[in-house]
Amino acid sequence: MRFLKSRYSGLHSDHRRIFSGAFRVAVFLLLGKAAGALKEMAVAYRYGVSEVVDAYQFTMTLANWLPITIVGALSVVLIPVLVRSRDDEPDRRRRFLAELHGWVIGVGLILAGATYVAWPWVLTVAGAGLDAETRRMSEQLTLAFAPAALLTLMTGLSAARLRARERYINTLMDSVPAVVILVWVMLAFTAPDVGPLLWGTLVGYLIQSVWLLHLAGKADGRVGTPRLGLSAEYWPDLVKAAGVMMVGQVAMSFVGPIDQYTAANLGANANATLGYATRLLSLLLGLGAASVGRAALPVLADVQRRGDAERARKIALKWSVLMGLGGALVTAVGWWLAPWMVSLLFERGAFTAQDTLRVADVMRWGLLQMPFYFGVLVLVQLLASQNRYRIMAGIAVANFALKALLNHVLAPVMGVQGIMLATSLMYALSFSCYMAVALQRPATPVTS
């Protein structure tokens, strides 16, 4: 213990900030993922691998893809702006945040209405392989996921404000929808249908959004009345960067929907099998890579703000290599323990031993992404702190192109396992591209 303390105290302050932030994020993620795992256990107990889970997984993925895409792009470009604006006058920051909240609410309301109106068309195009009952339940679930579009954008904005202040309580708050769904599913006395999932989702997203808005106000100052406008001086650079970043985010955001579309055409319950494996993988991905990734961006942006770009690059490369090795270890251990993990979390009630074997086999192919996913997240934060959004967008488009091609080639041959293998190969490409860029020293300060 004394040796570890001495090693920690000997680290540079920037490394300690990343480590400290990553530790807090990991603790919050562990608690949040535990709540998510309990929710998945409850869903598996009540619904098993059934049409209800097919409908929920399909609707959640497709209805959330655009709001999550916007949040992803906004977070990457907004956090460095908020970090750089720390020394500016409070009135200027408040005006910018008020305008930002106004636009987020406006876009969120448009997305909510569009999701509900367009869903029959979505089912016709992307859900053609689903049976009639699954399609009916998916339409019902839009009553929750349409307003969730607005709530997701509000939550993402509050989370970005907190992360810019190196406060990571938003990570714990990510578990609120899972907790509410868990309670609703366990307390439901009706025959298995989508009702508990619908109401649990809607109420959970609402509580999360309101709570995070309150916490962001305490950490970053009160915003005041949201308003539409572009008068703040931060807007030109932010809009330019966000526009470039959205290209890459939109490309990558299609990975989830294309997986659901591919699975929907593989036969009954393929979506449910893919969903269980994906959610279990997300527990491992979140605890490992996401903790460091979320902690690294504000620190790297601050190092860049101080004018020490080379130090930021070296910090990111060291953490990337360390995380890649950690991901390889997770892959080896996870491959061996996959059936046990699936059985522990899901095998009860309607979820049978045969379902365990199917989900574990799919999960193993997904584990191959771990070294590349773990390693690339820190490099993503490095390029974001350098405002190299065009390169990031180009890599994202290449990732999606490879993923779409491999899904088309591998899924008909390997089934759901082929979808997971395609994801692993996509992240291998992503890591290779980001590492090649990060190893090159920028000759001059880069812009979006």
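Would you explain the overall build of the protein in this entry?
If you tally the helices and strands in the protein, you get 16 helices and zero strands. For the protein, the accessible surface area stands at approximately 19000 Å², while carbon and sulfur atoms represent 68% of it.

Looking at this model, I keep getting lost on the environment of Asp131. Mind explaining?
As for its position among the elements, Asp131 is in the loop between α4 (90–125) and α5 (132–164). Spatially, the C-alpha atoms of Asp131 and Glu51 are 8.4 Å apart, while their sequence positions differ by 80 residues.

Would you explain the packing of α5 against helix α8 (residues 195–220) in this entry?
For any two helices packed against each other, the geometry is given by the interaxial angle and the distance between the axes. The N-to-C vectors of α5 and α8 enclose an angle of 20°; their axes lie 8 Å apart at closest approach. Classified by the angle between their axes, α5 and α8 sit roughly parallel to one another. Considering only the axes of α5 and α8, their crossing is left-handed. Broken down by class, the residue content of the contact of α5 with α8 amounts to 19 nonpolar, eight polar and two charged.

What should I look at first to understand the confidence of the model for the protein in this one?
The predicted coordinates of low-pLDDT regions are not to be read in fine detail. Per-residue confidence for the protein gives a mean pLDDT of 81, with 85% of residues at or over 70. Element-level mean pLDDT values for the protein span from 46 in helix α1 (residues 2–9) up to 92 in helix α16 (residues 416–438).

Sorry, what's going on with the pattern of salt bridges here?
Pairing between side chains of opposite charge can happen when the charged atoms of each approach one another. Scanning all chains against the criterion turns up three salt bridges. Among the salt bridges present, the one from Asp259 reaches Lys403, with a minimum N-O distance of 3.0 Å. Pair noted here: Asp259 is in helix α10 (residues 255–264) and Lys403 is in helix α15 (residues 389–414), with a separation of 144 residues, a long-range link. A single burial state applies to Asp259 and to Lys403, both of which are buried.

Is there a simple way to think about α8 in this case?
Spacing of three or four residues puts side chains on the same side of an α-helix, whose turn is 3.6 residues. Compared with the 38 Å implied by 1.5 Å per residue over 26 residues, the 37 Å span of α8 between its first and last C-alpha is a close match. Looking one or two places after α8, you find Gly221, whose phi comes out positive at around 95°.

Where do I start with the nonpolar core in this structure?
Nonpolar side chains tend toward joint burial in soluble globular proteins. Residues Leu78, Phe96, Leu197, Met363, Tyr389 and Met392 are the most contacted members of the largest nonpolar core, which totals 117 residues. Broken down by element, this core gets its largest block of residues, 18 residues, from helix α3 (residues 51–84). When sequence neighbours within four positions are dropped, the list of residues in contact with Met392 reads Val76, Met245, Val380, Leu383, Ala384 and Tyr434. Among the nonpolar cores identified, the runner-up in size contains eight residues, and Leu162, Val176, Ala216 and Ala219 belong to it.

Looking at this structure, how should I read the packing of aromatic side chains?
Given two aromatic rings, their pairing is described by the distance between the two centres and the angle made by the two planes. Applying the stated criterion across every chain, the model contains nine aromatic pairs. Seen from their ring centres, Phe346 and Phe351 are 5.6 Å apart, and the 45° between their planes marks the pair as tilted. When the centroid spacing of 5.0 Å and the interplanar angle of 85° are considered together, the rings of Tyr373 and Tyr427 count as edge-to-face. In this pair, Tyr373 sits in helix α14 (residues 370–385) while Tyr427 sits in helix α16, placing the two residues 54 residues apart along the sequence. Side by side, Tyr373 and Tyr427 carry an identical accessibility label, which is buried. Here a set of aromatic residues connected by ring pairs shows up, and it is made of Tyr276, Phe346 and Phe351.

Honestly, the packing of helix α7 (residues 176–187) against α8 in this entry has me stumped. Any pointers?
Across the interface, α7 lies against α8 with an axial gap of 7 Å and an inter-helix angle of 145°. Relative to α8, the crossing made by α7 is right-handed. Contacts between α7 and α8 involve Val176, Pro177, Val180, Ile181, Trp184 and Val185 from the first element and Pro196, Leu197, Trp199, Gly200, Thr201, Val203, Gly204, Tyr205, Ile207 and Gln208 from the second. Grouping the amino acids of the contact of α7 with α8 by side-chain chemistry returns 12 nonpolar, four polar and no charged.

Looking at this structure, I do not really get a nonpolar patch on the surface. What am I missing?
On the surface, Trp103, Leu228 and Leu230 cluster together into a nonpolar patch covering about 330 Å² of accessible area. A relative accessible area of 59% places Leu228 in the exposed class.

How do you make sense of helix α13 (residues 353–367) when you look at a structure like this?
For α13, built from 15 residues, the straight-helix expectation of 21 Å at 1.5 Å per residue is met to within 8% by its first-to-last C-alpha distance of 21 Å. Along α13, the residues that are buried comprise Asp355, Thr356, Val359, Ala360, Val362, Met363, Gly366 and Leu367.

In this structure, what is going on with the side chain of Ser320? I would like to understand it.
Within the secondary structure layout, Ser320 lies in helix α12 (residues 309–346). When its relative accessible area of 0% is taken as the criterion, Ser320 is described as buried. Apart from residues no more than four positions distant in its own chain, Ser320 is found in contact with Gly375, Val378, Leu379, Phe431 and Met435.

What's the story with the environment of Val107 in this structure? I'm lost.
Within the element layout of this structure, Val107 appears in helix α4. For Val107, a relative accessible area of 33% puts it in the partly exposed group. Taking the C-alpha atoms as reference points, Val107 and Pro67, 40 residues apart in sequence, are found 9.4 Å from one another. Not counting residues within four places of it along the chain, the set of residues in contact with Val107 comprises Ile70 and Leu153.

Help me understand the side chain of Glu99, please; the structure alone is not making it clear to me.
With respect to the helices and strands, the residue Glu99 is situated in helix α4. One buried charged side chain, Glu99, makes no salt bridge at all; its nearest oppositely charged neighbour is Arg227, positioned 4.3 Å away. A distance of 2.4 Å separates polar atoms of two side chains, one belonging to Glu99 and the other to Ser231. Among residues more than four places away in sequence, those in contact with Glu99 are Arg227, Gly229, Leu230, Ser231, Ala232 and Trp235.

What counts, and where the lines are drawn
- Counting of residues starts from 1 at the beginning of each chain's written sequence and follows it residue by residue.
- Thresholds applied to this predicted model are a pLDDT of at least 70 for local features of residues and 80 or more for the giving and counting of side-chain atom pairs; totals over whole chains, interfaces and linings are not thresholded and use all residues.
- Each side-chain value is worked out from all heavy atoms of the structure, with water and hydrogens disregarded.
- The way it works is that DSSP assigns letters per residue, a run of H or I at least four long becomes a helix, a run of E at least two long becomes a strand, and they are numbered from the N terminus.
- For accessible areas, the Shrake-Rupley method is used with a probe of radius 1.4 Å. Any residue's cover is judged against the shown protein chains and nothing else.
- Axes here mean lines fitted to C-alpha atoms, for a helix over just the part in contact, with angles spanning 0 to 180 degrees between N-to-C directions.
- Any angle that is under 35 degrees is reported as roughly parallel, and any over 145 degrees as roughly antiparallel; angles of 65 to 115 degrees are reported as roughly perpendicular and all others as oblique.
- It is the rotation of the near helix from the far one that decides the hand of a crossing: anticlockwise by less than a right angle makes it left-handed, clockwise makes it right-handed.
- Polarity classes work like this: nonpolar for Ala, Val, Leu, Ile, Met, Phe, Trp, Tyr, Cys and Pro, charged for Asp, Glu, Lys and Arg, and polar for all others, with Gly in that last group.
- As a per-residue quantity, pLDDT reports the predictor's confidence and falls between 0 and 100.
- Throughout this description, the term salt bridge denotes a Lys or Arg side-chain nitrogen within 4 Å of a carboxyl oxygen of Asp or Glu.
- With a 1.4 Å probe rolled over the protein chains alone, any residue whose accessible area is under 20% of its type maximum counts as buried; one over 50% counts as exposed, and the rest are partly exposed.
- By this rule, a helix spans an expected 1.5 Å times one less than how many residues it contains.
- Residue types Ala, Val, Leu, Ile, Met, Phe, Trp, Tyr and Cys, when buried and joined through side-chain atoms within 4.5 Å, form a set referred to as a nonpolar core.
- In this description, contact between two residues means that some pair of their heavy atoms is separated by no more than 4.5 Å.
- Ring geometry is summarised as follows: Phe, Tyr and Trp rings, the Trp one being its six-membered ring, pair when their centres sit within 6.5 Å, and such pairs are stacked at plane angles under 30 degrees, edge-to-face over 60 and tilted between the two.
- Grouping into patches uses exposed residues only, defined as over 30% relative accessible area, and leaves out salt-bridged ones; the cut-off is 9 Å for like charges and 5 Å for nonpolar side chains (Val, Leu, Ile, Met, Phe, Trp, Tyr).
- Working convention for charge: Lys and Arg count positive, Asp and Glu count negative, and His plus the chain ends are omitted.
- Within 3.5 Å is the distance limit for a polar contact, defined as a pair of N or O atoms, with the added protein rule that one can donate a hydrogen and the other accept it, and that residues adjacent in sequence qualify only through two side-chain atoms.

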